[in-house]
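# Descriptive structure summary
Okay, here's what each chain looks like letter by letter:
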Amino acid sequence: MIQAKGFAAASATTPLAPYAFERRDPKDHDVVIDIKFCGVCHSDIHMTRDEWNFGSVYPMVPGHEIAGIVRAVGPKVKKYKVGDRVGVGCMVDSCRTCVNCDQELENYCIPGSTLTYSSPERDGSGSTQGGYSDVIVTNEDFVLRIPDELPLDKAAPLLCAGITTYSPLRHWKAGPGKTVGVLGLGGLGHMAVKIAVAMGANVTVISHSDKKREDAKAFGAHQFLNTNSPEALTENALRFDLIINTVSSADLDLNPILGLLKLDGTIVNVGAPDKPLSLNVFSLLLMRRNFAGSVIGSIKETQEMLHFCAEHKITPEIEVIAPAQVNHAYERVLKSDVRYRFVLDMAKL
Ligand code: NAP
Ligand code: ZN
Ligand code: ZN
């Protein structure tokens, strides 16, 4: 076994604390990765605190925005070699046989993909553990290549925040001539803005205060809309083809937001609050609007997104911190006080 150390939650109500554990020795197709950086996603907070009632498994080492360097490879690994710059995102395996896996859409694996942490290993050997740690062992099919142009610390958040916004922007065809709103300017939201701008769309940040107005502009957004301004909501009614909802809380009124969509417009929910959303169905049916959802992206699309970001020089705004500061970082994320992603530096573990 490989000795690993990291930060884990012992229960849904305890803070993360240093934790020593073991990783499996590499099997034929496994890659052993020295983790250099791991992003802190709001999903880590939902999961650590079992807010989604997924039956979180403890002790839990969270983290699914992993960037590092290959330390060793199993005997049959073809895609990677020692020293390669690589990443791991939200999934580490899938059934590989269902119709969606057949179409390389492992993120929509019908029996469910194996999540990077707190998920049962498919061979029954226990529960997966994530990237708030110094080493991970992952099947080569779920490892991503990080282009040389992307520094590892800034590449890490692309493995979740980047792909989760890139995928729906591509699927719903953000591009020239399309008006795109990004609801919530946090980790996911700021990536959505940068990516949608690079795709050529006209982009508006839709935020619940004025605090991020200047940042939105700096990220390339063409307009800014404060949801607490009734005038701004009225002025922008029927304007958007697509809104990407990245808000982590169910504590917002969706009806005025839906009113921003034009005929046949679509809101895609990627934010995953712990409570149900509610809406007045007339907000949808009067303009034949679509209410949709999307979860991360496939491995193929994640690799495509990494190349897209390298080509367009797109990287997240990050605050690099020591792993020991992770509990404080969680509190700041919950207060929307993150500009715009915390990244743990494993050299400081
Ligand atoms: P984050 O950095 O905390 O950003 C969330 C943003 O939502 C905040 O910056 C804030 O933006 C807005 N917000 C928060 N509370 C609000 C409230 N009460 N009312 C209105 N707006 C509020 O979180 P994140 O890491 O980007 O993740 C966002 C959500 O996506 C989480 O629920 C996460 O679990 C989920 N997620 C889903 C997927 C997927 O595959 N679908 C993948 C990753 C994450 P403003 O200050 O601009 O209003
Ligand atoms: Zn995430
Ligand atoms: Zn499958």
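Counting from 1, residues in each chain are numbered in the order their sequence is written. Just so you know, chain letters begin at A and ligand numbers begin at 1, following the order they were written in. The model is predicted, so local features are restricted to residues of pLDDT at least 70 and side-chain atom pairs to those at 80 or more, both for listing and for counting; the totals for chains, interfaces and linings are taken over all residues. With hydrogens and water stripped out, all remaining heavy atoms of the structure feed into the side-chain values.

## What to know about the site of ligand 1
Working definition: residue near molecule or strand if any one of its non-hydrogen atoms lies within 4 Å of it. With respect to spatial proximity, 29 residues lie near ligand 1, and among them H42, L185, S207, H208 and R341 are the closest. Within the contact set of ligand 1, an oxygen atom lies 2.7 Å away from a side-chain nitrogen or oxygen of S43. N or O atoms within 3.5 Å of each other form a polar contact, as long as, within protein, one can give a hydrogen and the other can take it, and as long as residues adjacent in sequence are counted only when both atoms are side-chain atoms. Here an oxygen atom of ligand 1 and a backbone polar atom of I296 are 2.8 Å apart. Notes on ligand 1: free accessible area 920 Å², of which the protein chains cover 92%. Secondary structure elements follow DSSP: runs of H or I of four or more residues count as helices, runs of E of two or more count as strands, with numbering from the N terminus. Of all elements in the fold, only helix 1 (42–48) and helix 5 (187–199) reach the threshold of two or more residues within the shell around ligand 1. In terms of residue count, helix 1 provides more of the shell around ligand 1 than any other element does, three residues in total. The residue classification treats Ala, Val, Leu, Ile, Met, Phe, Trp, Tyr, Cys and Pro as nonpolar and Asp, Glu, Lys and Arg as charged. All others, Gly included, are polar. A class-by-class count of the residues in the shell around ligand 1 yields eleven nonpolar, 15 polar and three charged. Only the protein chains shown count as cover for residues, with accessible areas throughout obtained via the Shrake-Rupley method and a probe of 1.4 Å.

## Examining the coordination of the zinc ion (ligand 3)
As a benchmark, a tetrahedral metal site with four donors has ideal angles of 109.5 degrees, while an octahedral site with six donors has ideal angles of 90 or 180 degrees. Ligating atoms shown are N, O and S within 2.8 Å of the metal, or 3.2 Å for Na, K and Ca, and water is not included, meaning a site may look less than complete. Those donors, C95 (SG), C98 (SG), C101 (SG) and C109 (SG), are the protein atoms that reach the zinc ion (ligand 3), and they lie 2.3 to 2.4 Å from it. Square planar and octahedral sites, with four and six donors, are those where opposite donors lie more than 155 degrees apart and all other angles lie between 65 and 115, tetrahedral sites have four donors with every angle between 85 and 135 degrees, and the rest are irregular. Angles of 102 to 122 degrees at the metal separate the four donor atoms of the zinc ion (ligand 3), which places the site in the tetrahedral class.

## Description of the coordination of the zinc ion (ligand 2)
Listed as protein donors to the zinc ion (ligand 2) are C41 (SG), H64 (NE2) and C160 (SG); their distances from the metal cover 2.0 to 2.2 Å. Mapping the donors of the zinc ion (ligand 2) onto the primary sequence yields the spacing C-x22-H-x95-C. Taken together, the residues C41 in the loop between strand 3 (30–40) and helix 1 and H64 in the loop between helix 1 and strand 4 (66–73) connect sequence positions 23 residues apart. Considered together, C41 and H64 belong to a single accessibility category, that of buried residues. Only protein chains enter the accessibility calculation, which uses a 1.4 Å probe; a residue is then buried when its area is under 20% of its type maximum, exposed when over 50%, and partly exposed in between.

## Overview of the sheet that holds strand 13 (residues 240–245)
Between any two strands, at least two bridges found by DSSP are needed for them to pair. Strands sit in the order 12-11-10-13-14-15 across an open sheet of six strands; the sheet is parallel. Each of the sheet's edge strands pairs with one partner strand only, and the pair in question is strand 12 (223–226) and strand 15 (290–293). Ignoring strand direction, the axes of neighbouring strands in this sheet form an average angle of 20 degrees. Where strand 13 lies against strand 14 (residues 261–269), five bridges are found, and the strand directions are parallel. Following the sheet pairing, I244 is matched in strand 14 by V268. Fitted lines through C-alpha atoms serve as axes, helices being fitted only where they are in contact, and the angles separating the N-to-C directions of these axes extend from 0 to 180 degrees.

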